[in-house]
Amino acid sequence: MDIVGNGFLARNLRPLAGRHPDTVALAAGVSWASGTSDADFAREAALLDEVAGRCAAEGRRVLFFSTAATGMYGLAEGPGREDVPVTPCTPYGEHKLALEERLRGTGADHLILRLAHLVGPDQPEHQLLPTLVRQLSEGVVRVHRGAARDLIDVGDVVTVVDHLLAADPRAETVNVASGFAVPVEGIVDLLEKGLGLQARREYLDTGARQHVISTEKLRALVPQVAEMGFGDGYHQRILADFTASVYV
């Protein structure tokens with residue numbers, strides 16, 4: 001597999017570089033759900049066009065990483081599914097959905113993965129967990145009342161990608177998530193415990209809606225998911241591993 005990009009996800013995908021030679025993983029896109037400029041979105045669209053054009057000419061498959069987070073599924077009724085129309089509720093979600101449609105129109109073979117919130121060492125500072133850790137270390141953490149997030153270890157994502165590519169689905173869109181929404185306040189509790197910190201909490205009423213990401217399709221395509229420990233205790237384990245890698 002060729003990997004386009006050198007960021008957090010791209011680095012974690014490197015163990016797969018010697019496998020799946022017919023696939024090009026586009027792991028160089030926008031990873032900041034807020035504050036991203038139109039120019040950043042345009043650069044990702046141009047890169048997608050370039051990679052998809054090359055793959056179409058060479059008969060290879062594009063592995064594209066989209067989002068299953070609030071920006072995509074926050075307005076969904078019931079679990080967010082890949083096989084029903086969605087209405088994104090943020091510019092980031094709108095951008096990722098538009099790129100999915102753009103990729104489908106290129107004629108390139110492809111696999112689209114909608115990812116939950118990744119957890120792992122050396123994440124970009126703007127992502128959820130590093131942001132919460134920074135706020136905890138500063139003494140004040142801001143919690144969106146009612147918000148919940150599906151967290152998945154980046155190592156588990158790499159394992160899922162390996163199994164999915166081996167299963168060889170074509171022109172599919174698949175959620176890659178644990179399937180369990182964790183209240184953000186509970187995430188803060190676990191970070192405080194793991195880091196030995198305590199901070200004042202400021203609650204923001206933003207109309208946040210909890211949403212669950214459907215993993216029915218993922219489990220059908222990758223039966224090994226049943227053995228990966230998603231469920232009770234999963235988020236506690238991956239957050240414990242995360243806090244063990246953090247220095248504050």
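Thresholds, definitions, all that
Residue numbers run consecutively from 1 along every chain, following the written order of its sequence. Per-residue local features of the predicted model are confined to residues with pLDDT of at least 70, and side-chain atom pairs are confined, for both listing and counting, to 80 or more; whole-chain, interface and lining totals are unaffected and use all residues. The side-chain values count all of the structure's non-hydrogen atoms but skip hydrogen atoms and water molecules. Segments assigned H or I by DSSP are reported as helices when at least four residues long, segments assigned E as strands when at least two residues long, and all are numbered from the N terminus. As defined in this context, the radius of gyration uses C-alpha atoms, and a globule is described by 2.2 Å times the residue total to the power 0.38. Contacts are assigned to residue pairs with any non-hydrogen atoms lying within 4.5 Å of each other. The Shrake-Rupley method, run with a 1.4 Å probe sphere, supplies the accessible areas, and residue values consider only the shown protein chains as cover. Charge assignment in this entry is limited to Lys and Arg as positive and Asp and Glu as negative, and neither His nor the chain termini are counted. Here the site of a charge means atom NZ of a Lys, CZ of an Arg, CG of an Asp or CD of a Glu. The term nonpolar core refers to a set of buried residues drawn from Ala, Val, Leu, Ile, Met, Phe, Trp, Tyr and Cys, joined through side-chain atoms within 4.5 Å. Throughout, exposure labels follow a simple rule: accessible area from a 1.4 Å probe, protein chains only, divided by the maximum for the residue type, with under 20% read as buried, over 50% as exposed, and the rest as partly exposed. DSSP bridges decide pairing: two strands pair if at least two such bridges lie between them. Each axis is a line fitted through C-alpha atoms, and for a helix only the stretch in contact is used; angles between axes span 0 to 180 degrees, taken between their N-to-C directions. By the definition adopted for this analysis, an angle is roughly parallel if under 35 degrees, roughly antiparallel if over 145, roughly perpendicular if from 65 to 115, and oblique otherwise. Two helices that cross are described as forming a left-handed crossing if the nearer one is turned anticlockwise from the farther one by less than a right angle, and a right-handed crossing if clockwise. Here the nonpolar group is Ala, Val, Leu, Ile, Met, Phe, Trp, Tyr, Cys and Pro; Asp, Glu, Lys and Arg are the charged ones; every other residue, Gly included, is treated as polar. In this analysis, the expected span of each helix is defined as 1.5 Å times one less than the number of residues it contains. This arc describes the spread of directions from the helix axis toward the C-beta atoms. Centres within 6.5 Å are what make two rings of Phe, Tyr or Trp a pair, Trp counting through its six-membered ring; a difference in plane orientation under 30 degrees is then read as stacked, over 60 as edge-to-face, and the rest as tilted. Should a side-chain nitrogen of Lys or Arg be within 4 Å of a carboxyl oxygen of Asp or Glu, the pair is scored as a salt bridge.

1. Remarks on the overall build of the protein
Then step 1. A tally of helices and strands in the protein yields nine helices and 11 strands.
Then step 2. Taking 2.2 N^0.38 as the reference for a compact globule, 248 residues should give roughly 18 Å; the C-alpha atoms of the protein span a radius of gyration of 18 Å, in line with that estimate.
Then step 3. Along the three orthogonal principal directions, the C-alpha set of the protein runs to about 55 × 35 × 35 Å.
Then step 4. Here the contacts in the protein between residues at least 6 apart in sequence split such that 77% fall between residues at least 24 apart.
Then step 5. Surface summary for the protein: the accessible area is close to 11300 Å², and the carbon and sulfur share equals 50%.
Then step 6. Once the 24 positive and 33 negative side-chain charges of the protein are each reduced to a mean point, those two points are 1 Å apart.

2. Quick notes on the nonpolar core
Then step 1. Ranked by internal contacts, the top residues of the largest apolar core, which has 58 residues, are Leu13, Leu63, Phe65, Leu113, Val161, Leu164 and Leu191.
Then step 2. Considering each element in turn, this core owes the most residues, seven residues, to helix α6 (residues 154-167).
Then step 3. In this view, leucine 63 contacts Met1, Thr23, Val24, Ala25, Leu26, Leu111, Leu113, Val161 and Leu165; residues no more than four positions away in its chain are not counted.

3. What about unusual backbone geometry?
Residues other than glycine predominantly adopt negative phi, and peptide bonds predominantly adopt the trans conformation.
Then step 1. Backbone geometry at histidine 20 places phi at a positive 50°, although glycine is not the residue there.
Then step 2. Here histidine 20 falls in the buried class, since its relative accessible area comes to 12%.
Then step 3. Not every positive phi belongs to a glycine, and aspartate 168 is a case in point at roughly 65°.
Then step 4. Taking the relative accessible area as the measure of exposure, aspartate 168 reaches 36% and is therefore partly exposed.

4. A few points about the sheet that holds strand β4 (residues 109-115)
Then step 1. What the five strands build is an open sheet, ordered β1-β2-β3-β4-β9; its pairing is parallel. Among the strands making up the open sheet, the edge pair consists of β1 (2-4) and β9 (172-176). Between one strand axis and the next, the sheet turns through 25° on average, direction left out of account.
Then step 2. Those strands touched by α6 are β2 (23-26), β3 (61-67), β4 and β9, and its axis lies near 150° from that of β4.

5. Here's the deal with the environment of alanine 52
Then step 1. Within the secondary structure, alanine 52 is located in helix α2 (residues 38-58).
Then step 2. Here the alpha-carbon distance between alanine 52 and arginine 104, two residues 52 residues apart in the chain, equals 9.6 Å.
Then step 3. The residues contacting alanine 52, other than those within four sequence positions of it, are Val62, Leu103, Thr106 and Ala108.

6. A short note on the packing of α2 against helix α4 (residues 91-104)
Then step 1. Packing of α2 against α4 brings their axes to within 11 Å, and their N-to-C directions diverge by 20°. One way to sum up the angle between α2 and α4 is to call them roughly parallel. Crossing handedness for the pair α2 and α4: right-handed. Every residue of α4 that contacts α2 at Phe41, Glu44, Ala45, Leu48, Asp49 and Ala52 is listed here: Pro91, Tyr92, His95, Lys96, Leu99, Arg102 and Leu103.
Then step 2. A class-by-class count of the residues in the contact of α2 with α4 yields eight nonpolar, one polar and four charged.

7. A short note on α2
Then step 1. Helix length check: α2 (21 residues) gives 30 Å between terminal C-alpha atoms against 30 Å at 1.5 Å per residue, within 8%.
Then step 2. When we look at burial in α2, the residues that qualify are Phe41, Glu44, Ala45, Leu48, Val51, Ala52 and Cys55. Seen end-on, α2 carries its buried residues on one side only, within an arc spanning 135°. Residues of α2 that are exposed and point over 90 degrees away from its buried face: Arg43, Glu50 and Ala57.

8. Some details on the packing of aromatic side chains
Any aromatic ring pair is given by two values, namely how distant the centres are and how the planes are angled relative to each other.
Then step 1. If you walk through the whole model with that rule in mind, you get one aromatic pair.
Then step 2. Ring geometry for phenylalanine 230 and tyrosine 234: centres 4.8 Å apart, planes at 75°, overall edge-to-face.
Then step 3. The class for phenylalanine 230 is buried, based on a relative accessible area of 12%.

9. Digging into the pattern of salt bridges
Then step 1. Counted by the stated rule, this structure contains 22 salt bridges.
Then step 2. Salt-bridge contacts for arginine 19 lead to aspartate 162; the nearest nitrogen and oxygen are separated by 2.9 Å. Here the residue arginine 19 occupies a position in the loop between α1 (8-13) and β2, and aspartate 162 occupies one in helix α6, the gap between them amounting to 143 residues.
Then step 3. The partly exposed category is assigned to arginine 19, whose relative accessible area is 40%.
Then step 4. Among the ionic pairs, aspartate 22 bridges to arginine 170, the shortest N-O distance being 3.1 Å. With aspartate 22 in the loop between α1 and β2 and arginine 170 in the loop between α6 and β9, this pair connects stretches of sequence that are 148 residues apart.
Then step 5. Salt bridges linked by common partners bring Asp22, Arg61, Asp109, Asp168 and Arg170 together as one network.

The values reported here are purely geometric and, on their own, carry no functional implication.
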